[in-house]
Amino acid sequence: MNPWAEDFPILKETINGKRLVYLDNAATTQKPVPVLKAVDDYYRKANANPHRGLYALSVEATQKYEDARRTVKKFIGARKDEEVLFTRNASESLNLVAYSYGLTFLKEGDEIALPVSEHHSNLVPWQMVAQAKGAKLVYLYPDAQGRLTDAEIGAKITAKTKIVALAHVSNVLGSIYPVKKIVEKAHSVGAVVVLDCAQSIPHYPVNVTELGCDFMAFSGHKMLAPMGIGVLYGKEELLNRMPPFLRGGEMIEYVHEQSATFAPLPQKFEAGTQNVGGAIGLDAAIHYLRNVGYDRIQKTENELLNYTLDGLAEIPHVTVYGGTDNRANRCGVISFNVEGVHPHDVATVLDAAGVAIRAGHHCAQPLMEYLCVHSTCRASLYFYNTKDDIDVFLAALRKVRGWLGLGA
């Protein structure tokens, strides 16, 4: 019995008459009761626009919003509150860096290094920057076990590199990349590192000071918080040099008919009414994760990962991408295909058994091209999953080819 599953009401739901087995956690996680309650309490008892009113509700909303910022600061090991910016999600955070830093500081001939496995959110913005500034994208390619080797890192991060943008964990391969080593190499050539932690921070502690990254982004909804709230960490000295990404209410200092000056950090990058309820939900999610403990999260997920990979190895006609030998440096994200069956059909058959997985290109089409596939199935685990969940998944998967008339 999983002691945490009881905190997630949706896991008691049925799908197509079957118990829900939710294995799409890399897309979004489910929400525990304390997070749902925190958001509900805010909208019931403290809803007001922060930073804009002197009346009691507005003051309380402001306090809760800034308390959430301080919680995030401690959670990620940032030095100052001002280095924590609230956004809608990791995609907006990464776009902020691309538009505000990339377009401002890159020039013709500069290089942007990134793994070919990047999510589109940390790839397409850099395509835009490269096209606008005459810079060049340089890709790092993982080996058959999903690893970025020392040779690849050394060959692709050079004196021409000005930005290194990478995910801490691949949302397709589950590979945990050697971020600290990459940061050290990038800084040795004067490059800035933009780290996408959307897939890592729900599962592993991330300390931006220890890693040394210059920017770091993540989404709340992938770590138990509501949708619509994200975070960008940036080193204060860099954020102060960057122009605002969005302009409007709350991020200004003075506005005249022909000019404007901007508020200091962090308000400089937080235009308009913010998602206070989302920030409060993120605060509650962080406290929930701390209560569970990353040690227990990793222990549970590692057991489930090994159990799932071992089970998949026993099913004929199943190919797992990124290999199965590099388990010590792999998160609970497993992309696979069933021979002769389109991933969408696999997902549909599994859904009939109550099993929710993802099928498609996972917003990583360059990686799909590198792997010579159009799409894959993806099962992704979280600490509230159980071996019973995996058994249901594997049992349904074994029947896929037979249900489609392809034999066992």
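Okay, so let's go over this structure. (Residues numbered from 1 in each chain as written. Predicted model: local features only at pLDDT ≥ 70, side-chain atom pairs only at ≥ 80, totals over all residues. Heavy atoms only, no water.)

Quick word on the sheet that holds strand β9 (residues 215–219)
Next, step 1: Judged by pairing direction, the sheet is mixed, and its seven strands sit side by side in the order β4-β10-β9-β8-β7-β5-β6 without closing on themselves. Strands with a single pairing partner mark the edges of an open sheet, and in this sheet they are β4 (84–87) and β6 (136–140). Put simply, the sheet's adjacent strands are angled 20° from each other on average, direction ignored. (Pairing = 2+ DSSP bridges. Helix = DSSP H or I, 4+ residues; strand = E, 2+ residues; numbered from the N terminus. Axes fitted to C-alpha atoms, helices over the stretch in contact; angles between N-to-C directions.)

Some points on the pairing of strand β10 (residues 230–234)
Next, step 1: Of all five residues in β10, five are buried, a share of seventy percent or more.
Next, step 2: Burial along β10 is two-sided: Gly230, Leu232 and Gly234 and Val231 and Tyr233, pointing in opposite directions, are all buried.
Next, step 3: Bridge count between β4 and β10: four bridges; the pairing is antiparallel. Each residue of the ladder has a partner; that of Val84, found in β10, is Tyr233.
Next, step 4: When β9 meets β10, the two strands line up antiparallel, connected through five bridges. Across the sheet, residue Ala217 finds its bridge partner in β10, namely Leu232. (Buried < 20%, exposed > 50% of the residue type's maximum accessible area, 1.4 Å probe, protein only.)

Quick notes on unusual backbone geometry
What is expected of a backbone is that most residues other than glycine have negative phi and most peptide bonds are trans.
Next, step 1: Pro266 follows Leu265 through a cis peptide bond whose omega is 0°.
Next, step 2: Tracing the backbone through its elements, the reader meets Pro266 in the loop between β12 (260–262) and α9 (276–292).
Next, step 3: Phi at Asn16 is positive, roughly 55°, even though this residue is not glycine.
Next, step 4: Within the fold, Asn16 resides in the loop between β1 (14–15) and β2 (18–19).
Next, step 5: You will see that Cys363, though not glycine, has its phi angle at about 55°, which is positive.
Next, step 6: Structurally, Cys363 is set in the loop between β16 (358–360) and α12 (365–371).

Here we look at the environment of Val129
Next, step 1: Inspection of the secondary structure assignment puts Val129 in helix α4 (residues 124–133).
Next, step 2: Measuring from C-alpha to C-alpha, the distance between Val129 and Thr104 comes to 9.5 Å, with 25 residues separating the pair along the chain.
Next, step 3: Leaving out residues up to four positions away in the same chain, Val129 has contacts with Ala98, Gly102, Leu103, Leu106 and Ile112. (Contact = heavy atoms within 4.5 Å.)

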